[in-house]
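Topology and contacts: notes
Chain by chain, the residues:
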Number of protein chains: 2
Amino acid sequence: MKLYDLDGSGNCYKVRLFAALANIELEIEAVDFLSGAHKKPPLADLNPLGQVPILQDGSRVFRDSQAILVYLAGTYGGLAWWPAHPQGQADIVQWLSFAANEVQHSLCTARLVQKFGYDLDQPAALAKSPGVLSLLDKHLEHHDWLAIGRPSIADCAVYPYVALAPEGGVDLAPYRHVARWIARLEALPGYLPKPR
Amino acid sequence: MKLYDLDGSGNCYKVRLFAALANIELEIEAVDFLSGAHKKPPLADLNPLGQVPILQDGSRVFRDSQAILVYLAGTYGGLAWWPAHPQGQADIVQWLSFAANEVQHSLCTARLVQKFGYDLDQPAALAKSPGVLSLLDKHLEHHDWLAIGRPSIADCAVYPYVALAPEGGVDLAPYRHVARWIARLEALPGYLPKPR
């Protein structure tokens, strides 16, 4: 099972992190990002959005880090990370959407500009970031994990760009419940350190 | 089972549309949006993002239209709209993320500015829209439905802001496979017309 991967990408790291935590073996294929390999065939045929990560498992191909987490957890991760009951799945999907929308357009975008020089709206991304982190902090004041009362793919989807937020110029110091959740996640068996 | 709803919201319409197609009964509670009821308790306690839709089913509360679709389909919709196997679920989640991220920040944002006067970046939203629609059009050239070879909550999540795109100043005429998919969806038994 192959993951088309970029080392510094938080979206790719979501998948590598979850695979490490759930002890799922992946063949990592580094994508030649600087030459734009993800924007051309054969990769652009696998993911017409021209993005990584892409997961290829035999004839099955999935794009989108959130969808890849669902596939891996549901197929190889047992019920611990993605339960079979729809209440638990919906509880998790709330946070998958939060990762794909709110986190992507705040913490992730700020990092893309500051660390990699992307031409995106850094002030708008920074303006959204405190709201995203405050919401997380309030939730984590009363919950050890984002969903279903235990570690799940919800945490794997949201943690990366939160933990990497300082690389986008976002200060995590005001959010002490977020800091404790980060420490809890980083203490899980199998934890894979975030990209440097 | 109560849906906190705003008539003109495409995100709320996703839920009402799916409930109509799957014959699930919802008690609709209109939110007093102009007075900001969604930003204050008790609604802001149910959804700290300060947004609608919110679904309340007994003691269970879900925010985020995508998560609500998963909950309703998984709990009351049978396996037709949200299958039990993780490959099908991941196939659908690719499009739920596409709805939460790409569609939200292009077609939906353009409509929020043009129809409701939101202070958002209309030129950026319009610049992203052709890429979103071209990707959909290419996919729908070879697929009748977005995922799993049949109508699913993927279609219910993506259709609303595509069908409403002209209200944001986006021309759908160049995308003939999208137009045929729209017609197929609107011909499904139980279809609920989009907001006017």
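Keep in mind it's a predicted model, so treat the numbers as computed, not measured. (Residues numbered from 1 in each chain as written. Chains lettered and ligands numbered in written order. Predicted model: local features only at pLDDT ≥ 70, side-chain atom pairs only at ≥ 80, totals over all residues. Heavy atoms only, no water.)

1. Re the pattern of salt bridges
Residues and elements named next belong to chain B.
- Going through the model one piece at a time under the given rule, you end up with twelve salt bridges over all chains.
- A salt bridge links Asp 5 to Arg 16, with the shortest nitrogen-to-oxygen separation between them at 2.8 Å. Of this pair, Asp 5 sits in strand 1 (residues 2–5) while Arg 16 sits in helix 1 (residues 10–21), placing them eleven residues apart in sequence. The exposure classification of Asp 5 matches that of Arg 16, with both residues buried. (Salt bridge = Lys/Arg side-chain N within 4 Å of Asp/Glu carboxyl O. Helix = DSSP H or I, 4+ residues; strand = E, 2+ residues; numbered from the N terminus. Buried < 20%, exposed > 50% of the residue type's maximum accessible area, 1.4 Å probe, protein only.)

2. As for the sheet that holds strand 3 (residues 54–57) of chain B
Residues and elements named next belong to chain B.
- Judged by pairing direction, the sheet is mixed, and its four strands sit side by side in the order 2-1-3-4 without closing on themselves. What marks the edges here is a single partner per strand, and that holds for strand 2 (27–30) and strand 4 (60–63). For this sheet the average axis-to-axis angle between neighbouring strands, irrespective of direction, equals 20°.
- One ladder, built from three bridges, connects strand 1 with strand 3; its direction is antiparallel. Its bridge partner being in strand 3, Tyr 4 is matched across the sheet by Ile 54. (Pairing = 2+ DSSP bridges. Axes fitted to C-alpha atoms, helices over the stretch in contact; angles between N-to-C directions.)

3. Brief notes about the UniProt feature "domain: GST C-terminal" (unreviewed entry) in chain A
- Per the UniProt entry, the sites bearing "domain: GST C-terminal" (unreviewed entry) are residues 85–196 of chain A in this numbering.
- Between the first and last C-alpha atoms of residues 85–196 of chain A the distance is 37 Å; the span itself is 66% helix and 0% strand. (UniProt positions renumbered as here; feature names shortened; annotations may be inferred.)

4. Topic: the sheet that holds strand 4 (residues 60–63) of chain A
Residue and element names in this part refer to chain A.
- If you trace the four strands from one edge of the open sheet to the other, you get 2-1-3-4, paired in mixed fashion. Each end of this open sheet is capped by a strand with a single partner; those strands are strand 2 (27–30) and strand 4. On average, adjacent strands in this sheet sit at an angle of 20° to one another, irrespective of strand direction.
- Alignment of strand 1 (residues 2–5) against strand 2, held across four bridges, turns out to be parallel. By the bridge assignment, Leu 3 is partnered in strand 2 with Ile 28.

5. Considering the interface of chain A and chain B
- On the side of chain B, 32 residues touch chain A, which itself brings 32 residues to the contact.
- Interface area, chain A with chain B, both sides summed: about 2600 Å², of which 62% is carbon and sulfur.
- Considering only the side of chain A, the residues that lose the most area to chain B are Arg 63, Gln 87 and Gln 94 of chain A, jointly responsible for 21% of the buried surface there.
- Summed over the shared surface of chain A and chain B, the result is eleven residue pairs in polar contact (both at pLDDT 80 or more).
- Of all the secondary-structure elements, those providing two or more residues to the side of chain A that touches chain B are strand 4, helix 3 (65–76), helix 4 (86–116) and helix 5 (122–142) of chain A.
- Considering every element that reaches the side of chain A that touches chain B, the biggest residue donor is helix 4 of chain A, with 15 residues.
- Of the residues assigned to the side of chain A that touches chain B, the class counts are 15 nonpolar, eleven polar and six charged. (Contact = heavy atoms within 4.5 Å. Buried area = accessible area lost by both parts, 1.4 Å probe. Polar contact = N/O pair within 3.5 Å; in protein donor to acceptor, adjacent residues only side chain to side chain. Nonpolar A, V, L, I, M, F, W, Y, C, P; charged D, E, K, R; others polar.)

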